[in-house]
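# Observations on the three-dimensional arrangement
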Amino acid sequence: MAVLSLFRRYSQQAFNQTSRAAMSSPTLTLNDGNTIPWLGFGTGTALYGKDAENAVRTAIDNGVIHLDGAQVYRNEESLGAAIAASGKPRSSLYITTKLEKVPAGQTVHDTLVVSLKKLQVDYVDLFLIHFPINHEQPLSTLWKQVEDVQKEGLARSIGVSNFRVKDFEAILPEATVIPAVNQIEYHPYVFKADQPVIEYMKAKNILPTSFGGLSPIVRFKGGPVDPVLTSIAERLSKTVGKTVTEGQVLQLWLKTKGIPAITTTSKAERIHEYLAVQSLPNLTAEDVAAIEEAGSTVHHRQFAKFFDD
Ligand SMILES: NC(=O)c1ccc[n+]([C@@H]2O[C@H](COP(=O)([O-])OP(=O)(O)OC[C@H]3O[C@@H](n4cnc5c(N)ncnc54)[C@H](OP(=O)(O)O)[C@@H]3O)[C@@H](O)[C@H]2O)c1
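Below is a summary of the structure that appears in this document. All of these numbers come straight from a predicted model, not from anything done at the bench. (Residues numbered from 1 in each chain as written. Predicted model: local features only at pLDDT ≥ 70, side-chain atom pairs only at ≥ 80, totals over all residues. Heavy atoms only, no water.)

This brings us to the side chain of Gln248. Along the chain, the position of Gln248 falls in helix α10 (residues 246–256). Only 2.9 Å separates the side chain of Gln248 from the backbone oxygen of Glu273, close enough to count as a polar contact. Other than its neighbours up to four places away in sequence, Gln248 contacts Thr243, Glu273, Ala276, Val277 and Leu280. (Helix = DSSP H or I, 4+ residues; strand = E, 2+ residues; numbered from the N terminus. Polar contact = N/O pair within 3.5 Å; in protein donor to acceptor, adjacent residues only side chain to side chain. Contact = heavy atoms within 4.5 Å.)

In this section: the packing of helix α4 (residues 108–119) against helix α5 (residues 139–151). Between two packed helices, the angle of one axis relative to the other and the distance separating the axes together describe the packing. Between α4 and α5, the shortest axis-to-axis distance is 9 Å and the interhelical angle comes to 50 degrees. With respect to their mutual orientation, α4 and α5 come out oblique. The handedness of the crossing between α4 and α5 comes out as right-handed. Contacts from Val108, His109 and Leu112 of α4 reach α5 at Leu142, Gln145, Val146 and Val149. When grouped by side-chain class, the residues that make up the contact of α4 with α5 number five nonpolar, two polar and no charged. (Axes fitted to C-alpha atoms, helices over the stretch in contact; angles between N-to-C directions. Parallel < 35°, antiparallel > 145°, perpendicular 65-115°, else oblique. Left-handed = near helix turned anticlockwise from the far one by under 90°. Nonpolar A, V, L, I, M, F, W, Y, C, P; charged D, E, K, R; others polar.)

With that settled, consider helix α11 (residues 268–276). For α11, every residue scored as buried is listed here: Ile271, Tyr274 and Leu275. Each buried residue of α11 lies within a common arc of 95 degrees when the element is viewed along its axis, so the set occupies one face. Of the surrounding secondary structure, the elements contacted by the buried residues of α11 are β3 (39–42), α2 (53–61), α10 and β10 (261–263). (Buried < 20%, exposed > 50% of the residue type's maximum accessible area, 1.4 Å probe, protein only. Arc of directions from axis to C-beta.)

Let's shift gears to the pattern of salt bridges. Applying the stated criterion across every chain yields a total of 11 salt bridges. With its nearest N and O atoms 2.6 Å apart, the salt bridge here joins Asp68 to Lys98. Here the residue Asp68 occupies a position in strand β4 (residues 66–68), and Lys98 occupies one in strand β5 (residues 94–99), the gap between them amounting to 30 residues. Since its relative accessible area comes to 3%, Asp68 is described here as buried. Note on Lys98: relative accessible area 0%, which makes it buried. Linked through salt bridges whose partners overlap, the residues forming this network are Asp194, Arg301 and Asp308. (Salt bridge = Lys/Arg side-chain N within 4 Å of Asp/Glu carboxyl O.)

What follows deals with the site of the ligand. Taken together, 30 residues lie around the ligand, and Asp68, Thr263, Thr265, Ser266 and Lys267 are the ones closest in. Here an oxygen atom of the ligand sits 2.9 Å away from a polar atom, N or O, in the side chain of Thr45. The separation between an oxygen atom of the ligand and a polar side-chain atom of Thr265 is 2.4 Å. Within the complex, the protein chains bury 85% of what would otherwise be the 930 Å² of accessible surface of the ligand. Of all the secondary structure elements, the ones that give two or more residues to the shell around the ligand are α8 (215–218), β10 and α11. Broken down by element, the residue count for the shell around the ligand peaks at three residues, all from α8. (Near = heavy atom within 4 Å. Areas by Shrake-Rupley, 256 points an atom, 1.4 Å probe, with all protein chains shown as cover.)

Here eight strands make up a closed barrel; going around it, the order is β3-β4-β5-β6-β7-β8-β9-β10 and the pairing parallel. For this sheet the average axis-to-axis angle between neighbouring strands, irrespective of direction, equals 30 degrees. Of the strand pairs in this sheet, strand β7 (residues 155–161) and strand β8 (residues 181–185) are connected by two bridges, and their pairing is parallel. Across the sheet, residue Val160 finds its bridge partner in β8, namely Asn182. (Pairing = 2+ DSSP bridges.)

Right, here's the structure in full:
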């Protein structure tokens, strides 16, 4: 009972702090003053190493503006082809790419210039260090170079991905720019393990963005969160007068907490399902607490397993 009230108190706090921004607009404001659309469409996971042009075209044609690419996905050309073919003005899209690693004799600038060429754009909205591990240089040196590409105008915002507290501690003492975001695996089955880095980021005004958010229904089905999602989905369906799915409840959990959702799909109808979350009412503090109480009883991480080291 004491544990439940602790979760309720935490969630109530998170909900109160984020609900206004999350409800009034599908964008969130970063620590550099730029905004990031809440829903992002990724070209990794299901599209990793594959031609993403058709999937991205479908996403853009159906109203997605935030596109999440990466050098390591080996499909930046096809993301760029979809962007060009969409005919959308550059300023109407939000494009992210991520640094894989810097090849010997090159700089971060060199790798980003290659990415921009593939993406057929002059700048990205967000440039992230994809992983804190397996780099030749110290992370602080790498971050300095990322700061430089922002100064050059090649990236509007800069940030990191899969960073733990110790990785932030490696870059922040020498940093002149605080990372705007940390893109991490975030869903109810890693919620508890991610809490230390989430708290650290909150203190530094670094926004978490989530990937793998649908993991409880896609990768770890049958877990303790399932009945909670179903019950909330049934109640919300009655409230709004149309079907609300368990996946939408998971994304609402993120939205209620003010955390952008980076997801993906091969299906146009699922894009509509994702976009519809933006106009659904936020979860109650009790809903958030119930999801987190159930989620925290098990731990399942799908990606970047080193995160738990
Ligand atoms: N920074 C990193 O290290 C990192 C790591 C992983 C991912 N990411 C980024 O995040 C993006 C999304 O990652 P994710 O795939 O993990 O996102 P996710 O939101 O957890 O899962 C999306 C997947 O769920 C499936 N799905 C959705 N609703 C479903 C349902 N009701 N039943 C069954 N399947 C369902 C979709 O497949 P359908 O085609 O069937 O709709 C899609 O493949 C990636 O593309 C990438 O850009 C980043």
